[in-house]
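Structure at a glance
Chain by chain, the residues run as shown.
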Amino acid sequence: MTTFKRNILITGGAGFIGSHVVRLFVNKYPEYRIINLDKLTYAGNLANLKDIENQPNYVFVKADICDYEKMQELMELYHVDGIIHLAAESHVDRSIKDPFTFARTNVMGTLSLLQAAKVYWEGLPEKYEGKRFYHISTDEVYGALEMTHPEGIEPPFTTTASSSEHHLAYGKDFFYEDTKYNPHSPYSASKASSDHFVRAFHDTYGMPTIVTNCSNNYGPYQFPEKLIPLFINNIRHRKPLPVYGKGENVRDWLYVEDHARAIDVIFHNGKTAETYNIGGFNEWKNIDIIKVVINTVDRLLGRKEGEDMDLITYVTDRLGHDMRYAIDSTKLQKELGWEPSLQFEEGIEKTVRWYLDNQEWMDNVTSGDYQKYYDSMYKGR
Ligand code: NAD
Ligand code: DAU
């Protein structure tokens, strides 16, 4: 039997970000066994991991993080010494319709995983030594920032993100690691609660935890209920693009592989009990990013650039729609030397090209249940 140097449980590994993290760890660390635990909800898709599924250091387990006995069993079976916890319900619009599912998975599921890790690790002779519980959270727990400089100001830090003027910074405030939690949606409230439980397990039991809060991710394998893949697919099929409110809300975008690289660096070198913000200093108003996506899809499909602008359809705003998110990731950049590798224009080009080249993936995930869900959510908006 092969003995692995580490046994790392990655939850939610069949989802968007999780699949990139699993791929990175499986390929980069053949000496680690990577156990991908996922319930395969509508958002989990094993096709995201086809390229690594036969690697000798990869194991997939279909399970629900809320199943406490199962979590205990898996900790022992695989001698888990590190956890990277991404499994969650992740879509704000769904949380507005069905908050219970978010409380169950994001709060109770995280607690179940924490307790299973605690019982298993405390029962070992070395206890918490060499262990790590790394919880992946979101910038949405901090609430929303104001648009104090609508014209945009140059941020006072070095960034490898694009230098195009219109997405530098839309306000003078940023989310810092010590920004007070102020979640507004059922999704962010459930993530905030799970973050508190993780920190409580450190403070109460001494569990070696880390929490990171990341901004909006974009890239391949994102479920097309989220802005960028949804709009790419709609433009391709010349379907309306439902822009919430006036399209003025600001999000801070990071290429998903850069997030996965940050997770790698933090898992290995981050300090126990610390929080790190992850983001690329890359703010965009929704309407501006939508125009870039339209132009890119049109160009790559051989259409006249911008000819699909008339698909933009302003619809009723999202309830409680947060105005602006902007992450300050200086701590991570200075202390651990991470920085985003891609210019935004490069990242969006890669992303659009990937979705256009992977129509089969898109057709699979947009058929069946997803389509019914989409109709029930957006009809009449
Ligand atoms: P996703 O919705 O694409 O994937 C979530 C995965 O979790 C799916 O594979 C799903 O099957 C699995 N899952 C859901 N409930 C489960 C359960 N009860 N038990 C086991 N598995 C379950 O989400 P994502 O966008 O990849 O986000 C991953 C994590 O990163 C989440 O915790 C999210 O809050 C956080 N995050 C996401 C972003 C973003 O922009 N997408 C940004 C910051 C943080
Ligand atoms: O900030 C990090 C968060 O980013 C993550 O924690 C969440 O898991 C992730 O889903 C994402 O949340 P957002 O709500 O910001 O992402 P979404 O893609 O749903 O929406 C991005 C912006 O676009 C938001 O302002 C709402 C708007 N929007 C979205 C959709 C789906 C539209 O205008 N129309 C749409 O159809």
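The structure this text deals with has already been given above.
**Some points on helix 1 (residues 16–28)**
The periodicity of an α-helix, 3.6 residues per turn, causes residues three or four positions apart to be oriented the same way. If you check helix 1, its first and last C-alpha atoms are 19 Å apart, about what 13 residues at 1.5 Å a residue would give, namely 18 Å. With respect to burial, helix 1 is a largely interior element, 10 of its 13 residues being buried. Looking at helix 1, one finds that the buried residues are Phe16, Ile17, Gly18, Ser19, His20, Val21, Val22, Arg23, Phe25 and Val26.

**With respect to the site of ligand 2**
The environment of ligand 2 is made up of 24 residues, and the closest members are Thr138, Asp139, Tyr187, Arg318 and His321. Contact between ligand 2 and Leu227: an oxygen atom at 2.8 Å from a main-chain N or O atom of the residue. Between ligand 2 and Pro242 there is a distance of 2.7 Å, counted from a nitrogen atom to a backbone nitrogen or oxygen. Relative to its free-state accessible area of 680 Å², ligand 2 is covered by the protein chains to the extent of 95%. Within the shell around ligand 2, the residues separate by chemical class into 10 nonpolar, 8 polar and 6 charged.

**A short note on the side chain of Lys331**
As for its position among the elements, Lys331 is in helix 9 (residues 330–336). Engagement of the side chain of Lys331 in a polar contact is seen with the side chain of Glu274, the distance being 2.5 Å. In this structure, Lys331 is in contact with Glu177, Glu274, Thr275, Tyr276 and Leu336, ignoring residues within four places of it in sequence.

Cut-offs used in this document
Residues numbered from 1 in each chain as written. Chains lettered and ligands numbered in written order. Predicted model: local features only at pLDDT ≥ 70, side-chain atom pairs only at ≥ 80, totals over all residues. Heavy atoms only, no water. Helix = DSSP H or I, 4+ residues; strand = E, 2+ residues; numbered from the N terminus. Expected span 1.5 Å × (residues − 1). Buried < 20%, exposed > 50% of the residue type's maximum accessible area, 1.4 Å probe, protein only. Near = heavy atom within 4 Å. Polar contact = N/O pair within 3.5 Å; in protein donor to acceptor, adjacent residues only side chain to side chain. Areas by Shrake-Rupley, 256 points an atom, 1.4 Å probe, with all protein chains shown as cover. Nonpolar A, V, L, I, M, F, W, Y, C, P; charged D, E, K, R; others polar. Contact = heavy atoms within 4.5 Å.

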